[in-house]
Amino acid sequence: MILNPLVSVITPVYNREKYLVKCIESILKQTYSNFEFLIIDDKSSDNTLEIIKNYQSIDSRIKIIENDKNLGATVSFNRGLDICQGKYVARMDSDDISLPDRFLKQVDIFESWHELEVLGTGAILIDCNEKEIGRRQFPSDFKRIKSILNTGVPVFDPSVMMRTSTLKETMGFDNRLAPADDYHLWLTLFKKKKIDYVWNNRYF
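The structure displayed is predicted, hence computed values, not measured ones.

A. Seen up close, the packing of aromatic side chains. Under the criterion given, the structure shown has two aromatic pairs. Aromatic side chains Phe35 and Phe103 sit 5.6 Å apart centroid to centroid with 75 degrees between the ring planes, which places their arrangement in the edge-to-face category. Of this pair, Phe35 sits in strand S2 (residues 35-41) while Phe103 sits in helix H4 (residues 102-112), placing them 68 residues apart in sequence. When its relative accessible area of 0% is taken as the criterion, Phe103 is described as buried. The ring of Phe77 carries the charged tip of Arg91 above its face, separated from the ring centre by 5.1 Å.

Right, dumping it as structure tokens:
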């Protein structure tokens, strides 16, 4: 168990047995190790919870939160946010993969740029066989990023790391607005906070 983790990884999951192993392993194999991994099982009906428990038995950084009933990804994420201990929160979706240096690169940037509040990355798009099918990258200029909000979300959510204090100030994702809760969060953050993006070859 990590007593004072710098990073809290939060992953809501529901019936993801097909993808979850590769997702979990990509986090446990990070070259940066000072993190806790909060996985919120949203009352899965497949083998998802068993998979999580198997990994928890070999890596104490994993903390399992079990919902008594299916509450949705937004509520599940906020349950993780309520108990997380890290200075930074790393988003991670249960069907995505992170490259090994993702956390190391993001933490290095945060620790050297104290005004930064939110940091996302570009993405390598892959198919179900992990074959690369494209790459996408958002601009790093703040004004250009902000302009994208007129038509959509200017961020790959699962690539984001942010200061925990920043996210808690906004009360996390608004459960009442799902499935547009992520759009609402980014609108709020872009109105109030300084946000930047870097390309670090992250698998999406």
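B. Representation of the pattern of salt bridges in the model. Scanning the model with the defined rule gives eight salt bridges in all. A salt bridge links Lys53 to Glu66; the shortest N-O distance between them is 3.8 Å. With Lys53 in helix H2 (residues 48-56) and Glu66 in strand S3 (residues 62-66), the pair connects residues that are 13 residues apart, well separated along the chain. Since its relative accessible area comes to 40%, Lys53 is described here as partly exposed. According to the relative accessible area criterion, Glu66 is partly exposed, its value standing at 41%.

Rules behind the numbers
Residues numbered from 1 in each chain as written. Predicted model: local features only at pLDDT ≥ 70, side-chain atom pairs only at ≥ 80, totals over all residues. Heavy atoms only, no water. Phe/Tyr/Trp six-rings, centres within 6.5 Å; stacked < 30°, edge-to-face > 60°. Helix = DSSP H or I, 4+ residues; strand = E, 2+ residues; numbered from the N terminus. Buried < 20%, exposed > 50% of the residue type's maximum accessible area, 1.4 Å probe, protein only. Lys NZ or Arg CZ within 6 Å of the ring centre and 35° of its normal. Salt bridge = Lys/Arg side-chain N within 4 Å of Asp/Glu carboxyl O.

Any functional reading would require information that these geometric values do not contain.
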